[in-house]
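Coordinates in review
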Amino acid sequence: MRKSKIRLEILKVLRECYPNSLYIAKIARRTGVNITQVIGALRGINNKQYKPEYSLLSLGLVYESISGNRKLYKISPKGILILSYLESQRYNNERNY
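This structure is a prediction, so every number in the text was calculated from the model and none was measured.

**Here we look at helix 2 (residues 24-31)**
- For helix 2, the full list of buried residues reads Ile24, Ile27, Ala28 and Thr31. Down the axis, helix 2 shows its buried residues gathered within 100° of arc, on one side only.
- Those residues of helix 2 that are buried lie in contact with helix 1 (5-16), strand 1 (22-23), helix 3 (35-43) and strand 3 (70-75).
- Residue Gly32 follows helix 2 closely and has a positive phi angle near 75°.

Next comes the structure, spelled out in structure tokens:
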């Protein structure tokens, strides 16, 4: 998670709209990242950068639900905890310099 700025940005956007869910296109718009990268970070793509086993869904940081023919994404309680922890570590590291 620390090396993936895109995954981190997606978690931040999902936390901002919690408890609501977002479509992939809205996540892409709010993060400024293209849709393919958002899909890769959320679900994984079989390539070096977005392995499915490291996707936000596989890690249990995000939930996926279906509304009509669209998939919605929502941050999980585990995702909120991990994001809070990473932000506190960043704050502590910045404070020590």
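**Focus on the sheet that holds strand 3**
- Across the sheet, which stays open at both edges, the three strands sit in the order 1-3-2 with antiparallel pairing between neighbours. Because the sheet does not close on itself, it has two edges, and the strands there are strand 1 and strand 2 (62-67).
- Taken together, the two bridges between strand 1 and strand 3 define a ladder with antiparallel strand orientation. When the sheet's bridge partners are listed, Leu22 is paired in strand 3 with Tyr73.

Rules and cut-offs
- Residues numbered from 1 in each chain as written.
- Predicted model: local features only at pLDDT ≥ 70, side-chain atom pairs only at ≥ 80, totals over all residues.
- Heavy atoms only, no water.
- Buried < 20%, exposed > 50% of the residue type's maximum accessible area, 1.4 Å probe, protein only.
- Helix = DSSP H or I, 4+ residues; strand = E, 2+ residues; numbered from the N terminus.
- Arc of directions from axis to C-beta.
- Contact = heavy atoms within 4.5 Å.
- Pairing = 2+ DSSP bridges.

From the geometry alone we can't say anything about function, so treat these as descriptive.
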